Amino acid sequence: MHQFLFALALACLAPLALANGITPTEIRVASLQDLSGPIASLGTHFRNGTQMRFDAENAKGGVHGRQLKLLVEDTGYDPKRAVLATEKLLGKEGTGVFAALHNLGSPVVMATMPRFLEAGVLHLFPGAPLANVYEPVHPLKFGMSPSYTLSVPPAARHLIKANGFSRIGILYQDDDMGREVLRGMDGLLGELGLKWCERTSYKRGATDFAAQIARLKAADCDFVVLATVVRETIGAYTEARRTGWNVPMLVTASGYTAQVHQLGGTAVEGLYGVVLLPHPYVDGANRTLADWVVQYREKFKAEPNTWDVFAWVGADLFVRALHAAGPQPTPQKVAAALEQLQTTRDFFGSPPITFSANDHLALRQVRIAQIRNGRWENVTDYLPVAR
Amino acid sequence: MRRMLAIIVLLALATAPAMLSPWALSQLTFVAIYVVAGAGLMLLAGHAGLLSLCHAAFIGVGAYAEAILHAHGWPLPLSLAGAALLAAATGILAAWPARKLSGIYLAIATLSFGFIVQEVLMRWESVTGGNIGLAVAPLDPQLLYGLAVAAGIGALWLLDRLLCGRLGRAFVALREDATAANVIGVAVPRVKMTAFALAAAFGGLAGALYAHQLRFVSPEQFDWVMSIELLMMLVIGGLGTRAGIVLGAAFLIALPQGIAMLRDTLGWATPPAGIELFAFGFVLVLVLRWAPAGLAGGPRR
């Protein structure tokens, strides 16, 4: 009888014991996006991709009967607004949200991540290529993309070895992104016993690359790494081709986007790119992917891109872990479930993902693609990234 | 009547930590920090007529100084004073080209100075952490709020005192006509330098508090956009008025939050991207149309 009463009391108290951001009917997930600032073109896709995955799950009845509610706040890439949005989302004793998913922008993430973690909220797969988002390992923080220092060398190593390149040059954006690539490539060249043939940089926002390309050409580089974003990638590559210099070039993951061939046209044919997650082309897609693209277009009246895939894959990992964590999930249970997850290649062609207790980074592989006939075509399978 | 109002405001500010949510308290802290920075810029641009576009650089220097000094174990009063002093020294440097410039030429010179400071913050990696930035130890939110409010009130009081005195009259003389000011015995270069040093010190103190509020500093935060934002804040509030600084700061911090709350009540499944910024710009234009002299200046008659 006593046991029965005790069980009854526990059952009555159970709803009170729900983790932060969870009610009997919903799970609240925060997402700080840039929808109006300098990287708004990424932010809307991060939001859309996440929403696609949540909507699909909610249509099936949610996770253990709870609907997934995505609470998006626009930070405009401003850490001040991000801090205020975080405090709003966390609510009075940090009880407002269960997880923060895909927070976007390095300054936003750096200013807000400690606040989420201190409130006991999961901080998952932010859109910031910083090692801090997965290292040192913290029970509640998980990263999606490796830092540029890690992601560029495997692709560059493959191309250098396969083609016997020895005169390596680099054009890099003079900021943290460029310097991270430089650091990673310094390590690779040391490992291969090579020295830089030429290094040249540009200021963020530059539009003319004639001087830098002339310098790389004069040094007679036989392979050039581009640590550039969209417009600079097109500018540098087309400048080289315009001067009749057909040197192979590899752009970092920041330049692997459909915008490069859409805006660059035939002038960017032959460019290599580092792929973390694939672009969702509808031509030649499998049935599931083709249906997904159609749904996406209907829902958002826009074309999906690789950032939607990032968001979808991250949201999918979260949803899987939520299912595995059982009907009374806590951030700790979900984190433990993530550490046990083993995914296989999905319909986008993403690589298998695993975590462990001492490794909270999702993507430990990159592959190389090349622009052929106006689209990125994979030219290698996934290559492992160093730990 | 004014005294009564002041007592009510002080009481409200004193009881705020116990009454408000962390989110609301954080907004008030930001408002107070922007009041400190705005008081400095008001002195420079509003009273001395020196259009500066490098105020973010002074805030940045203060923020980095605080981040570094605090990390080296300096007691808070000393590190805050150090941040303000270092910013003041930066202000004196910025004033060097300003001695002979005014108007749009001064604006461009100060804009360039801001770029230089940002470059130094990016390049001096061993000290500033470069582009990656520096983490700043948090302060207790209530302590930080108290410090920010005290600094805000102190800055407004100091601005009031300064403007009543000889220096304040020199600033106004300089704004009205530098040549005439020179003729009546105002040492124009020295007064300009003093204005910059004082404004930068206010900026530096604001930056130091800002660093703790954000818990993270990086060079890109202190760019020309922030300088423009501060100027906009003063224009919205009302150039040349103390109340304008507070109203402008409240407008800048609280309006986007209010718009986001309003958006939430509309029940959109997926709100249009950037709707908050659009609404903010719209309200801004409306306010300037309705009250060209700023919120403190009242409606157009």
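Residues numbered from 1 in each chain as written. Chains lettered and ligands numbered in written order. Predicted model: local features only at pLDDT ≥ 70, side-chain atom pairs only at ≥ 80, totals over all residues.

### Overview of the overall build of chain B
Defined as follows: In DSSP terms, a helix is any run of H or I states spanning at least four residues, a strand is any run of E spanning at least two, and both are numbered starting from the N terminus. Just to be clear, the radius of gyration here is over C-alpha atoms, and the globule rule we use is 2.2 Å times residues to the power 0.38. Buried residues are those with 20 or more other C-beta atoms within 10 Å of their own C-beta, exposed residues have 12 or fewer, and partly exposed residues lie in between; C-beta atoms are placed from the backbone.
Tallying secondary structure elements over chain B gives 13 helices and two strands in all. For 301 residues, the compact-globule formula gives about 19 Å, and the C-alpha radius of gyration of chain B, at 19 Å, lands near that figure. Taking the principal axes of its C-alpha atoms as reference, chain B extends roughly 65 × 55 × 40 Å. Counting only residues that meet the buried cut, chain B has 49% of its 301 residues in that class.

### Observations concerning the overall build of chain A
The line we're drawing: A pair of residues counts as a contact when their C-beta atoms, built from backbone coordinates, are within 7 Å of each other.
Across its full length, chain A carries twelve helices and 13 strands. Here the C-alpha radius of gyration of chain A, 22 Å, is about what a compact globule of 387 residues would show, namely 21 Å. With the principal axes as the frame, chain A shows a C-alpha extent of 90 × 40 × 35 Å. Each of the 387 residues in chain A was classed as buried or not, and the buried ones make up 52%. Across chain A, contacts joining residues at least 24 apart in sequence account for 68% of those joining residues at least 6 apart.

### Quick word on the nonpolar core
Residue and element names in this part refer to chain B. Going by this rule: Think of a nonpolar core as buried Ala, Val, Leu, Ile, Met, Phe, Trp, Tyr and Cys residues, each tied to the set through C-beta atoms within 7 Å.
Formed by 210 residues in total, the largest nonpolar core has its most connected members in Val36 and Leu205. Tallying contributions element by element places helix α10 (residues 188–214) first for this core, with 16 residues. Here Leu205 is in contact with Val36, Gly62, Leu80, Ala83, Ala84 and Ala151, once residues within four sequence places are set aside.

### Topic: the interface of chain B and chain A
In many analyses, interface size is given as the accessible surface area lost on bringing the parts together. Counted only if it meets this: Any residue that is not Ala, Val, Leu, Ile, Met, Phe, Trp, Tyr, Cys, Pro, Asp, Glu, Lys or Arg is counted as polar, Gly included; the first ten are nonpolar and the last four charged.
If you look at the interface, chain B gives 24 residues, while chain A gives 23 residues. Looking at the side of chain B that touches chain A, the elements that each hand over two or more residues are α2 (22–47), α12 (242–265) and α13 (275–290) of chain B. Ranked by residues supplied to the side of chain B that touches chain A, first place goes to α2(B) with five residues. A per-class count over the side of chain B that touches chain A returns ten nonpolar, eleven polar and three charged.

### Regarding the environment of B:Ala32
Residue and element names in this part refer to chain B. On the secondary structure map, Ala32 appears in helix α2. Here the alpha-carbon distance between Ala32 and Gly146, two residues 114 residues apart in the chain, equals 9.5 Å. Leave out the neighbours within four places in its chain, and Ala32 touches Ala148, Val149, Ala151 and Gly152.

### Details of the confidence of the model for chain A
Detailed reading of the predicted coordinates is not advisable wherever pLDDT falls low. Put simply, the rule is: Every residue gets a pLDDT, meaning the predictor's confidence in that residue, from 0 to 100.
Here chain A averages 91 in pLDDT, while 95% of its residues score no lower than 70. Considering each helix and strand of chain A separately, the mean pLDDT is smallest for helix α1 (residues 2–13) of chain A, with a value of 46, and largest for strand β9 (residues 249–251) of chain A, with 97.

### Topic: the packing of helix α4 (residues 76–98) of chain B against helix α5 (residues 103–123) of chain B
Residue and element names in this part refer to chain B. Note the threshold: Fitted lines through C-alpha atoms give the axes, limited to the stretch in contact for helices. The angle between two N-to-C directions lies from 0 to 180 degrees. Note on terminology: angles under 35 degrees are roughly parallel, angles over 145 are roughly antiparallel, angles of 65 to 115 are roughly perpendicular, and the others are oblique. The hand of a helix crossing depends on one turn: near helix anticlockwise from the far one by less than a right angle means left-handed, and clockwise means right-handed.
Interhelical geometry of α4 versus α5 gives an angle of 140° and a closest axis separation of 9 Å. Judged by the angle between their axes, α4 and α5 are oblique. Once α4 is placed against α5, the crossing between them reads as right-handed. Residues Thr90, Ala94, Pro97 and Ala98 of α4 form the contact with α5, whose own contacting residues are Leu106, Ala109, Thr110, Phe113 and Val117. A class-by-class count of the residues in the contact of α4 with α5 yields seven nonpolar, two polar and no charged.

### Structural notes on the environment of A:Asn373
Tracing the chain through its elements places A:Asn373 in the loop between β11 (365–372) and β12 (375–378). A sequence separation of 161 residues divides A:Asn373 from A:Gln212, and the C-alpha atoms of the two residues are 27 Å apart.

### Overview of α10(B)
What counts here: What a helix should span is 1.5 Å times the count of its residues minus one.
For α10(B), with 27 residues, the first-to-last C-alpha span of 38 Å sits near the 39 Å given by 1.5 Å per residue. A large share of α10(B) lies buried, amounting to 23 of its 27 residues.

### Structural notes on the pairing of β12(A)
Residues and elements named next belong to chain A. What counts is decided by this rule: Each pair of strands is called paired provided DSSP finds at least two bridges between the two strands.
Here four bridges tie β11 to β12, and the two strands are oriented antiparallel to one another. Each bridged residue has a counterpart across the sheet, and for Gln370 the counterpart in β12 is Glu377. Hairpin remark: β11 followed by β12, antiparallel, with two residues in the connecting loop; positive phi at Asn373, about 50°.

### Details of the sheet that holds strand β2 (residues 67–74) of chain A
Residue and element names in this part refer to chain A. In spatial order, the strands read β2-β1-β3-β4-β5; together these five strands make up an open sheet with parallel pairing. The outermost strands of the open sheet, each flanked by one partner alone, are β2 and β5 (141–142). Both strand β3 (residues 99–101) and strand β4 (residues 122–124) contribute to a ladder of three bridges, which runs parallel. When the bridges of β4 are listed, Leu101 appears paired with Leu124. Running over the sheet, helix α3 (residues 79–90) touches β1 (26–33) and β2 and is turned about 175° from β1.

### Topic: the pairing of β2(A)
Residue and element names in this part refer to chain A. Convention followed: Clockwise travel from the first strand over the helix to the second, with the strands pointing away from the viewer, marks a crossover as right-handed.
Judged from the eight bridges that link them, β1 and β2 form a sheet pairing that is parallel. Each bridged residue has a counterpart across the sheet, and for Leu32 the counterpart in β2 is Glu73. With respect to chirality, the unit in which β1 leads through helix α2 (residues 40–59) into the neighbouring parallel β2 is right-handed.

### With respect to the packing of helix α8 (residues 166–176) of chain B against α10(B)
Residue and element names in this part refer to chain B. As a packed pair, α8 and α10 sit with axes 10 Å apart at the nearest point and diverge in direction by 110°. The pairing of α8 with α10 is recorded here as roughly perpendicular in orientation. Of α10, the residues touching α8 (which contributes Leu167, Ala170, Phe171 and Leu174) are Val188, Val191, Thr194 and Ala195. When the residues that make up the contact of α8 with α10 are grouped by side-chain class, the tally is seven nonpolar, one polar and no charged.

### A word on unusual backbone geometry
Residues and elements named next belong to chain A. The linkage connecting Glu135 with the following residue, Pro136, adopts the cis geometry, with an omega of -10°. One can find Pro136 in the loop between β4 and β5. In this structure, Tyr77 takes a positive phi of about 70° despite not being glycine. Looking at where Tyr77 falls in the secondary structure, it is placed in the loop between β2 and α3. By the C-beta count within 10 Å, which is 24 here, Tyr77 ends up buried.

### Observations regarding α2(A)
Each α-helix turn comprises 3.6 residues. Residues three or four places apart therefore point the same way. Residue and element names in this part refer to chain A. Helix length check: α2, at 20 residues, gives a terminal C-alpha distance of 28 Å against a target of 28 Å (1.5 Å per residue), a fit within 8%. Across the 20 residues that make up α2, a large majority, 14, are buried. Looking one or two residues beyond α2, the residue adopting positive phi is Gly61, at roughly 105°.

### Concerning the confidence of the model for chain B
Across chain B, the average pLDDT comes to 90, with 99% of residues at or above 70. Predicted complex, confidence summary: ipTM 0.88, pTM 0.88.

### Thoughts on the environment of B:Glu276
Tracing the backbone through its elements, the reader meets B:Glu276 in helix α13. Along the primary structure B:Glu276 and B:Gly82 are separated by 194 residues, whereas in three dimensions their C-alpha atoms are 38 Å apart. Sequence-distant contacts of B:Glu276, that is, excluding residues within four places in its chain, are made with A:Ser36, A:Asp74, B:Pro256, B:Ile259, B:Ala260 and B:Arg263.

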